[in-house]
Amino acid sequence: MKFKRLSALLLCLLFVGSMVGVVAHETSRPAGPPMLANQPQPDFKMRRERLMAALPDGIVVAQGGVEESLGVSDKFFQTENFFYLTGVEIPGAFLILNPFGGPGAKSILFLPRRNPMTERWTGPQIGPGDDALKLFGVDKTLPSTDFQATLAEICPTEAVKKGRKIYLVEAGEASPVLRDRNFVEQIRKSVPDVAFGDARPNINELRRIKTDGEIALLQKAIDITGEAQRDVRGVIGAGRYEYELEGLILGAFYRNGAERVGFPCIVGSGFNATTLHYNKNRKRIDAGDMVVVDIGAQYSGYTADITRTYPASGKFTARQREIYQLVLDAQEAAAKSFKPGVSKMSDLNFTARDFMKASPLRAGNNLTLDNFFLHGLGHFIGLNVHDVGDYGSPLPVGSVITIEPGIYIPEENIGVRIEDDYLVTEKGLVKLSRNIAFLPDDIERLMAEGKKGR
Ligand code: GLY
C-alpha cells in the first residue's frame, strides 16, 4: 500500500514536472524555491508586491498571450510584462493584483482549465489549483473563465465611485493592438464606469533594474551569442552567402540552449553592411566586403545584442582597418567616460560622436566621420532587445545597455559597427561581452585559425 502511494506520488511529481511552462527552460533543479524560466519564484512575487505598493489607489489587471494556432504557425511565447510579473508561460492566463484584497487574496492568477484535447496537441498543461499555487507563488488561482466575474466582484460600484482605478500593463484603448482594446471592452463589461490607469511606467521602472537572476540570464544569452560569432568568423569568406552565416548563427543559438532570436539576424556584406537593419541576408559575399554580423540570442526570455564586423578576405585593408579602429576607439572612449550616478545614455552618445569628429579621418565631401554615424549609441537590453529605460536620466545601477557606434559609408561599400553589452555598476561599466573577440588583430588571427580548422 505504502509502495503504491509512493509510486502514485512520484508519477504525479513527474507529471507536474513535465508540464508546459514548468520546466521549459530548466537546466538543473537546485534545492530552494521553485524556478520559473530559470528565475527564482520569489523574484516574481517581489515584482508584484512592488508594483502594488507603487499603485495604492487601484488594482492591476493583466492578460497574458494566447496561442491560437496550436503550435502550427508559431511557438507560444508569453508577453513581456505578464511574464515579468508571473513567470507564467501558459497561454490564456490573466492576473489580478488587488492591494485591497487582504492577506491571501492580493494576487489572483487565472489559468485555463486543463483540456485533454488541447493537451494532445501542445502537451500537458498546468491548470488552476494547488500545483499552480505552489509553483507560481500567488495567493489564489482560478479558471480563466472566472476572470470577468471575479473582477466584477472585486470592483464593486462603491469602490469605482471612490475613484479606485484599474491599471493596465499593456496599452489600453489607444493601443494599435486589437487584443488590448478588446481587453478594455471586456473589463468595462464587468466594471462599468471604471477609470483606467497605466501601470507601464511603474513596471518599466522595475524592469530597467535587473536582479542578479536576470543578469545571469543575460550573461548566458551573451555567451551563446559569442559562440555564434565564433562560428561565423571561421567561415566568412568570398563566395559564401549571407544566409549561410545566418544558418550557422541559428545553429549555434539552438545548440547552446537559446529558445529563439531576440531579433532577426543582421548579416550584411558590402553595401548591405551600410544598411542599419538589413536582415534579408541573401547576398553572396564578395572579396573586399566588410561583413556586419549583428545578432542576439534569447535565453529564458532575455536577449543579448552583439555586433562584430569582419573583413570577408580575413584581412582588413588599410582603409577598413582605420575605420574599424576609429569605431572601436569611440566605443572605448564612451565606455571610459561613464561616471556612475551621473552619466546618461545621451552623454555617452555625445562622447562617441565627439571622438569621431576629432579624428583626422575623412570621407565623402571631406566630411568628418561622425557624419557617417547614423544611429543612437546604444539602448537597454532585457526581456526586449530594445528594453525599457530612460535615455535622459543617469543610468541606474543594475541596468544593462549596449554601446554600439558605427560608421557607414555607402560610396566606399564600408559599414562597421561594433556592439557590446555592459552592466551598470556602482564602480562603472562591466563589459559582459568582453570575451567575444573585438581587436582587429584578434579578428584576423581567429578568422585564419577558424578557416584552418575546417
Ligand atoms: N542590434 C539590433 C538592434 O538594436 O535593433
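Everything below is about the structure shown above.
Residues numbered from 1 in each chain as written. Predicted model: local features only at pLDDT ≥ 70, side-chain atom pairs only at ≥ 80, totals over all residues. Heavy atoms only, no water.

Asks: Before we go on, may I ask you to explain the environment of Ser393 in this structure?
Replies: Within the element layout of this structure, Ser393 appears in the loop between strand S16 (367-368) and strand S17 (400-403). C-alpha of Ser393 to C-alpha of Gly341: the two residues are 52 residues apart in sequence and 9.2 Å apart in space. The contacts of Ser393, once residues within four sequence positions are left out, are Ser343 and Lys344. A polar atom in the side chain of Ser393 sits 2.5 Å from the side chain of Asp390. (Helix = DSSP H or I, 4+ residues; strand = E, 2+ residues; numbered from the N terminus. Contact = heavy atoms within 4.5 Å. Polar contact = N/O pair within 3.5 Å; in protein donor to acceptor, adjacent residues only side chain to side chain.)

Asks: For this particular structure, what's the right way to read the environment of Gln331?
Replies: Within the element layout of this structure, Gln331 appears in helix H12 (residues 318-336). You can call Gln331 buried: its relative accessible area is 0%. Spatially, the C-alpha atoms of Gln331 and Pro405 are 6.1 Å apart, while their sequence positions differ by 74 residues. Dropping the residues within four chain positions of it, Gln331 is found in contact with Ile403, Pro405, Ile418, Glu419, Asp420, Tyr422 and Lys431. A distance of 3.1 Å separates the side chain of Gln331 from the backbone oxygen of Ile403, its partner in a polar contact. (Buried < 20%, exposed > 50% of the residue type's maximum accessible area, 1.4 Å probe, protein only.)

Asks: Please explain the site of the ligand as it appears in this structure.
Replies: Around the ligand, the neighbouring residues are Phe263, His277, Asp294, Asp305, His379, His386 and Glu419. Separating an oxygen atom of the ligand from a side-chain N or O atom of His386 is a distance of 2.8 Å. In isolation the ligand exposes 190 Å². Once the protein is present, 94% of that is buried. A breakdown of the residues in the shell around the ligand according to their chemical character gives one nonpolar, three polar and three charged. (Near = heavy atom within 4 Å. Areas by Shrake-Rupley, 256 points an atom, 1.4 Å probe, with all protein chains shown as cover. Nonpolar A, V, L, I, M, F, W, Y, C, P; charged D, E, K, R; others polar.)

Asks: What is the right way to look at the pattern of salt bridges in this model?
Replies: When charged atoms on two side chains of opposite charge get close, those side chains can pair. Per the stated rule, a full pass over the model turns up 27 salt bridges. Note that Arg319 is salt-bridged to Glu412, the shortest N-O span being 2.8 Å. Of the two residues, Arg319 is situated in helix H12 and Glu412 in the loop between strand S18 (406-409) and strand S19 (414-417); the sequence distance between them amounts to 93 residues. The partner of Glu444 in a salt bridge is Arg321, with the nearest N and O atoms 3.2 Å apart. In this pair, Glu444 is assigned in helix H14 (residues 440-452) and Arg321 in helix H12, connecting sequence segments 123 residues apart. Note on Glu444: relative accessible area 10%, which makes it buried. Residues joined by salt bridges that share partners form a network here, namely Glu80, Arg207, Lys210 and Asp387. (Salt bridge = Lys/Arg side-chain N within 4 Å of Asp/Glu carboxyl O.)

Asks: Explain the packing of aromatic side chains to me, please; I cannot follow it from the model alone.
Replies: Any aromatic ring pair is given by two values, namely how distant the centres are and how the planes are angled relative to each other. If you walk through the whole model with that rule in mind, you get eight aromatic pairs. Judged by centre distance (5.8 Å) and plane angle (20°), the rings of Phe147 and Phe183 are stacked. Residue Phe147 is found in helix H6 (residues 147-154), and its partner Phe183 is found in helix H8 (residues 178-190); the two are separated by 36 residues along the sequence. Exposure class is identical for Phe147 and Phe183. Each is buried. Put simply, the rings of Phe94, Phe110, Phe147 and Phe183 touch in pairs and so form one group of aromatic residues. Over the aromatic face of Phe77 sits the side chain of Arg260, whose NZ or CZ is 3.6 Å from the ring centroid. (Phe/Tyr/Trp six-rings, centres within 6.5 Å; stacked < 30°, edge-to-face > 60°. Lys NZ or Arg CZ within 6 Å of the ring centre and 35° of its normal.)

Asks: Would you mind going over unusual backbone geometry with me for this structure?
Replies: Its identity as a non-glycine residue notwithstanding, Asp193 has a phi of 70°, on the positive side. Its place among the elements puts Asp193 in the loop between H8 and strand S8 (195-198). By relative accessible area, Asp193 is classed as exposed at 71%.

Asks: Help me understand the packing of helix H10 (residues 212-233) against helix H11 (residues 242-255), please; the structure alone is not making it clear to me.
Replies: In helix packing, the relevant descriptors are the interaxial angle and the interaxial distance, both defined with respect to the helix axes. Close contact between H10 and H11 brings their axes to 8 Å; oriented N to C, the two are set at 145°. Along this stretch, H10 crosses H11, giving a crossing that reads as right-handed. Along the contact surface, H10 presents Ile224, Thr225, Glu227, Ala228, Asp231 and Val232, while H11 presents Leu245, Leu248, Ile249, Ala252, Phe253 and Arg255. (Axes fitted to C-alpha atoms, helices over the stretch in contact; angles between N-to-C directions. Left-handed = near helix turned anticlockwise from the far one by under 90°.)

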